[in-house]
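Tertiary structure, described
So you can see what is in the structure, the chains are spelled out below.
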Amino acid sequence: MKQTDNLSESTSLADRLGIPAPLFWGFVGLLFFMIGDGVEAGYLAPYLEGQGISSRDTALLFTIYGVTVSLSSWASGPLSDLWGPKRVMWIGLAIWGVFEVLFLTFGVAVNSYPIMLAAYTMRGFGYPLFTYGFLVWIAAATPPRQLGSAAGWFWFAFSGGLPTLGSLFASFSIPLIGEMATFWSSLGLVMFGGLLALLMTREPIGSRRLAPVGTKPGTIFFSSISILWREPKTFVAMIVRTINTSSEYAFLVIMPAFFTKVIGFSLSQWLQLLSIIFLSNILVNLVSGITADRLGHRTVVALFGCVGAAITVPLFYYVPQMFPGNFAIAAAMGALYGATIAAFVPLSGLVPQICPKEKAAALSALGLGAGASTWVGPAIVTWFESWHGIEGIIWIFCGLYVASAALTLVLTVSPEARRHIDEAAARGDVAEEVTLGH
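Residues numbered from 1 in each chain as written. Predicted model: local features only at pLDDT ≥ 70, side-chain atom pairs only at ≥ 80, totals over all residues. Heavy atoms only, no water.

Naming follows an unreviewed UniProt entry, where the protein chain appears as MFS transporter of Komagataeibacter xylinus.

Given below as structure tokens:
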């Protein structure tokens, strides 16, 4: 796919903010979609356990869900090349809606674990097709001068909804309308956001196939995975990205019960704490990118991300126990944790420099790692919670972040890659392919 400077020059407010004007409603719709997707994030696990589902079965539910999210995250790029991003987004929205109805009606409402497992697993294919399909659309239709800021706004909307505003919404709606009605409200938010994005965004590039005519589907899909062994540093980057947010998804399983039963918070307080964690996260997402331009991408990831998370993960567990019931101290520790997780963001700028001739495939590896984290975290809970409980899991993640710091040191830009970057800059060749897929 070739980058296309198709968006008209504009002095609209959207353009001044760095949002491509023809895609503006896509960003707004994405925010509402992710708010809906994030509503359940902070309370699904304690709700199921309150209905008699064991913590192990709950962790398994999240693990299998994460596997389908991982597969869908990787496939969204190649499928967008084949069918066009907008069609992929429609498919993702339909999958989310259909299987959420099945999950709630025939699973949660009647407390049928097998139906919950099957429906929730299938729903996992939905949100990555919608969200990452839109990211491919952004990359395909945004002028090079706006691409960086547009990508930043994408992640701002993504993280702002899941789980920041989603959890905040749940913290207020549960006391008013109850837990089950809040589940159904998430479906309404997702459908509203999805339809807003797809019906109001009429930019033409997203509606057509992006891959060159005649390119075989097998070639498109294979190139997005073969880079892992053709360029081993992309495999290392994928592992680091997997470790990055794996603790986040594990904490969504184990921390609700910890903070409500051990620390003494109410469910609403836990959901507000979760919102604070990810408010910190989305703010530092922007700051870490700016800092990386000055200090170096690898330095920020290794020092503030990897080493920082190795410190803040145990702080988030131990310090609140020293001050039980103290929300302000727990919020401070949570904000520090959220900030260090955000410091991994410069990976998205580092990896394309490592493989400047295959930026798309390199970013696809990061997408695969991001998806993998959604099941690796819950899987660690499933496998090791019986070992030393939550405390043992905390130290496993601490060790993983230390290991990721060592792995990050491998992510250097070779002299050949640096020459390619410098030559491209000298030519003014900044419009290179940057989609998640081929």
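On we go from here.
1. Some points on the overall build of the protein chain
So the rule is basically this: Working definition: helices are DSSP H or I runs of at least four residues, strands are E runs of at least two. Numbering for both runs from the N terminus. Each residue is placed in one exposure class: buried if its accessible area under a 1.4 Å probe, protein chains only, is under 20% of its type's maximum, exposed if it is over 50%, and partly exposed if it falls in between. Residue exposure ignores everything except the shown protein chains as possible cover, and the areas themselves are Shrake-Rupley values with a 1.4 Å probe.
Regarding its fold elements, the protein chain presents 17 helices and 0 strands. Split into buried and exposed, the 438 residues of the protein chain put 56% on the buried side. As presented, the protein chain carries roughly 16,900 Å² of accessible surface, and 69% of it is formed by carbon and sulfur atoms.

2. Quick notes on the pattern of salt bridges
Using the following cut-off: The rule for a salt bridge is simple: a side-chain nitrogen of Lys or Arg has to be within 4 Å of a carboxyl oxygen of Asp or Glu.
Under the defined criterion, the tally for this structure stands at 3 salt bridges. Here Arg123 ties to Asp37 by a salt bridge, and the two come within 3.7 Å at their closest N and O atoms. Here Arg123 is found in helix H6 (residues 113-123), whereas its partner Asp37 is found in helix H2 (residues 24-38), with 86 residues between them in sequence. Judged on exposure class, the residue Arg123 and its partner Asp37 are both buried. One salt bridge in this structure joins Glu40 and Arg123, with 2.9 Å as the shortest N-O distance.

3. A short note on the packing of helix H13 (residues 297-322) against helix H14 (residues 327-342)
Definition in use: In this description, a line fitted to the C-alpha atoms serves as the axis of each element, helices being fitted only across the stretch in contact, and the angle between N-to-C directions of two axes falls anywhere from 0 to 180 degrees. Angle categories are assigned with fixed cut-offs, so that under 35 degrees is roughly parallel, over 145 is roughly antiparallel, 65 to 115 is roughly perpendicular, and the rest are oblique. In this scheme the crossing of two helices becomes right-handed for a clockwise turn of the near helix relative to the far one and left-handed for an anticlockwise turn of less than a right angle. In this description, contact between two residues means that some pair of their heavy atoms is separated by no more than 4.5 Å. Note on residue classes: Ala, Val, Leu, Ile, Met, Phe, Trp, Tyr, Cys and Pro are nonpolar, Asp, Glu, Lys and Arg are charged, and everything else, Gly too, is polar.
At a minimum axis distance of 8 Å, the contact between H13 and H14 shows a crossing angle of 160 degrees. The orientation of H13 with respect to H14, classified from their angle, is roughly antiparallel. Our pair here, H13 against H14, has a crossing hand that is left-handed. Here Phe304, Gly305, Gly308, Ala309, Thr312, Val313, Leu315, Phe316, Val319 and Pro320 of H13 lie close against H14, whose contacting residues are Ile329, Ala330, Met333, Gly334, Leu336, Tyr337, Thr340 and Ile341. The class makeup of the residues in the contact of H13 with H14 is 13 nonpolar, 5 polar and no charged.

4. Some points on the environment of Gly371
By the secondary structure assignment, Gly371 is in helix H16 (residues 359-408). According to the relative accessible area criterion, Gly371 is buried, its value standing at 1%. Setting aside chain neighbours within four positions, we find Gly371 in contact with Gly66, Val69, Ser70 and Ser73.

5. Topic: empty space enclosed by the protein
Quick note on the threshold: Both site types are read off a 1 Å grid over the protein atoms alone. A 1.4 Å probe that fits but cannot get out defines a cavity, while an open set with protein on both sides within 12 Å along at least five of seven lines defines a pocket; lining residues have an atom within 4 Å of a point. Grid points are joined across faces, edges and corners, and a volume is the space filled by probe spheres set on the points.
One pass over the structure, following the stated rule, counts 2 cavities of 30 Å³ or more. Approximately 190 Å³ is the volume found for the largest cavity. Mapped onto the lining of the largest cavity, the elements with two or more residues apiece are helix H4 (55-83), H6, helix H8 (144-177), helix H11 (232-262) and H16. In terms of residues, the lining of the largest cavity owes the most to one element, H11, which gives 3 residues.

6. With respect to unusual backbone geometry
Within the chain, Asn111 stands out as a residue other than glycine whose phi angle is a positive 55 degrees. Inspection of the secondary structure assignment puts Asn111 in the loop between helix H5 (85-108) and H6. Judged by its relative accessible area of 34%, Asn111 is partly exposed.

7. Here we look at the nonpolar core
Applicable threshold: Nonpolar cores are built from buried Ala, Val, Leu, Ile, Met, Phe, Trp, Tyr and Cys residues. Side-chain atoms within 4.5 Å join them into one set. Each domain span listed reflects an automatic or database assignment of domains.
Counting 112 residues, the largest nonpolar core has Tyr127, Phe134, Phe154, Met255, Phe259, Leu273 and Tyr401 as the members making the most contacts within it. Per-element accounting of this core gives the leading share, 14 residues, to H16. Residue-level mapping places this core at the junction of two domains, with at least three residues from each of domain 1 (15-215) and domain 2 (230-428). Not counting the four nearest positions on each side in its chain, Met255 is found in contact with Trp270, Phe316, Tyr317 and Ile394. Judged by nonpolar contacts, the second largest core, of 10 residues, contains Ala75, Leu79, Leu129 and Leu228.

8. Quick notes on H13
What counts, and what does not: In this analysis, the expected span of each helix is defined as 1.5 Å times one less than the number of residues it contains. By definition, a residue's bend is the angle between the axes fitted to the seven residues ending there and the seven starting there.
The end-to-end C-alpha distance of H13, which contains 26 residues, comes to 36 Å, matching closely the 38 Å that a straight helix rising 1.5 Å per residue would cover. Of all the bends in H13, the largest measures some 40 degrees and sits at Ala309.

9. Here's the deal with the confidence of the model for the protein chain
This is how the line gets drawn: The predictor rates its confidence in each residue with pLDDT, a number between 0 and 100.
Confidence in the prediction for the protein chain averages 86 pLDDT; 89% of positions are at 70 or higher. Considering only residues more than four positions removed or in separate chains, one finds that residues 428-438, a stretch of pLDDT under 50, has 43 contacts.

10. Things to note about the packing of aromatic side chains
Our working definition: When two rings of Phe, Tyr or Trp (its six-membered ring) have centres within 6.5 Å they constitute a pair, described as stacked for plane angles under 30 degrees, edge-to-face for angles over 60, and tilted for the intermediate range.
Across all of its chains, the model carries 29 aromatic pairs by this definition. Ring centres of Tyr127 and Phe158 lie 6.1 Å apart, and the angle between their planes is 55 degrees; this geometry places the pair in the tilted category. Of this pair, Tyr127 sits in helix H7 (residues 126-141) while Phe158 sits in helix H8, placing them 31 residues apart in sequence. In this pair, the class of Tyr127 matches that of Phe158, namely buried. Three or more aromatic residues joined by ring pairs make a cluster, and in this case those are Phe251, Phe258, Phe259, Phe265, Trp270, Phe316, Tyr317, Tyr318, Phe327, Tyr337, Trp395 and Phe397.

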